[in-house]
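Now for the letters of each chain:
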Amino acid sequence: MSESTATARVGRVERTTRESSILVRLDLDGTGQVEISTGVPFYDHMLTAFGVHGSLDLEVEATGDVHIDAHHTVEDTAIVLGQAIRQALGDKSGIRRFGDAWIPMDETLAHAAIDVSGRPYCVHVGEPEQFTTFTIGGNYPFVLTRHVFDSLSFHAQLALHVRVIHGRDPHHIAEAQYKAVARALRAATEPDPRAGGIPSTKGVL
């Protein structure tokens, strides 16, 4: 993929540290075609849901020190994913800018709201405290979801609010959040046929 242009909103970012090596390619105007490999099976499942429900064509290739734990690989992948989204957005001309989504998943309900503001800020509330030390599927610590959204919002330069309204299954609670953020991002970044130029009174986002 090439860098974002007027007709192709794509991003490609690589990042290598002593802890991980990450490559993310994405197309904001895709159809949900995904290819995910991070070495953390539950995270693969979440990023697959993120790409499909966000209608992103998304490729993630990540290797890291998962023999220590999943933290570095998960967080570093979120950093690169955010950078790729920011690259793909270009000057943000003609987008809706704001988007939100409610996602029910059986007993769980999650809400996400996004402003593609250029001012990164993440508010993440509502996850049940009893799952703080829980590991989903034996490979994804429950607490990493907040790290993912913190990193994503900062590096994509989004104002992101995520709320878990209620839920009792850790798998459902995490997955509903990823789907809500994906749908909110899709809504916020899609072209607005009634608007032209940068959607800001400042003239820049």
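Placed above this text is the structure.
Worth saying up front: this structure is predicted, and the values here are computed from it rather than measured. (Residues numbered from 1 in each chain as written. Predicted model: local features only at pLDDT ≥ 70, side-chain atom pairs only at ≥ 80, totals over all residues. Heavy atoms only, no water.)

### Description of the overall build of the chain
Along its length, the chain carries four helices and ten strands. Ordered by position in the sequence, the α and β elements of the chain form the string β-β-β-α-β-α-β-β-β-β-β-α-β-α. Taking the principal axes of the C-alpha coordinates as reference, the chain spans close to 45 × 35 × 25 Å. Within the chain, buried positions represent 52% of all 205 residues. (Helix = DSSP H or I, 4+ residues; strand = E, 2+ residues; numbered from the N terminus. Buried < 20%, exposed > 50% of the residue type's maximum accessible area, 1.4 Å probe, protein only.)

### Brief notes about the environment of Ala-174
Residue position: Ala-174 is located in helix α4 (residues 170–189). Distance from Ala-174 to Met-46, taken between C-alpha atoms, is 8.0 Å for residues 128 residues apart in sequence. For Ala-174, the contacting residues outside a window of four places in its chain are Phe-42, Met-46, Ile-136 and Thr-145. (Contact = heavy atoms within 4.5 Å.)

### A few points about the sheet that holds strand β6 (residues 108–115)
For sheets, the rule is that strands pair by backbone hydrogen bonds, running either parallel or antiparallel. With mixed pairing, four strands are arranged side by side in an open sheet as β5-β6-β10-β7. What marks the edges here is a single partner per strand, and that holds for β5 (98–105) and β7 (121–125). Taken pair by pair, the neighbouring strands of this sheet meet at an average axis angle of 10 degrees, ignoring direction. Relative to strand β10 (residues 159–166), β6 is paired through seven bridges, and the arrangement is antiparallel. Bridge pairing in β10 places Ala-113 opposite His-161. Where helix α3 (residues 144–156) meets the sheet, it contacts β7 and β10, and its direction lies at approximately 160 degrees from that of β7. (Pairing = 2+ DSSP bridges. Axes fitted to C-alpha atoms, helices over the stretch in contact; angles between N-to-C directions.)

### Concerning the packing of helix α2 (residues 71–89) against α3
Running from N to C, α2 and α3 cross one another at 30 degrees; their axes reach a closest spacing of 7 Å. Our classification of the angle between α2 and α3 gives roughly parallel. Seen from above, α2 lies across α3 with right-handed handedness. Within the contact between the two elements, α2 uses His-71, Val-74, Glu-75, Ala-78, Ile-79, Leu-81, Gly-82, Gln-83, Ile-85 and Arg-86 and α3 uses Leu-144, His-147, Val-148, Ser-151, Leu-152, His-155 and Ala-156. Split by residue class, the contact of α2 with α3 holds nine nonpolar, six polar and two charged. (Parallel < 35°, antiparallel > 145°, perpendicular 65-115°, else oblique. Left-handed = near helix turned anticlockwise from the far one by under 90°. Nonpolar A, V, L, I, M, F, W, Y, C, P; charged D, E, K, R; others polar.)

### Thoughts on the packing of aromatic side chains
Each aromatic ring pair is specified by the distance between its two centres and by the angle formed by the two planes. Going through the model one piece at a time under the given rule, you end up with five aromatic pairs. Measuring from centroid to centroid gives 5.1 Å for Phe-42 and Tyr-140, while their planes differ by 55 degrees, and the two rings are tilted. Within this pair, whereas Phe-42 is found in helix α1 (residues 41–53), its partner Tyr-140 is found in strand β9 (residues 140–141), the two being separated by 98 residues in sequence. Tyr-140 carries the same exposure label as Phe-42, and that label is buried. An aromatic cluster of at least three residues, connected via ring pairs, comprises Phe-42, Tyr-43 and Tyr-140. (Phe/Tyr/Trp six-rings, centres within 6.5 Å; stacked < 30°, edge-to-face > 60°.)

### Observations regarding α4
Relative to the 28 Å expected for 20 residues at 1.5 Å per residue, α4 spans 29 Å between its end C-alpha atoms, a close match to the ideal helical length. Counting buried residues along α4, 16 of its 20 residues qualify, which places the element largely inside the surrounding structure. (Expected span 1.5 Å × (residues − 1).)

### Describing α1
The terminal C-alpha atoms of α1 lie 18 Å apart, and with 13 residues this matches the ideal 18 Å at 1.5 Å per residue to within 8%. Every buried residue belonging to α1 is among Phe-42, Tyr-43, Asp-44, Met-46, Leu-47, Ala-49, Phe-50 and Gly-51, and all of these are buried. Once α1 ends, the next one or two residues include Ser-55, with phi positive near 55 degrees.

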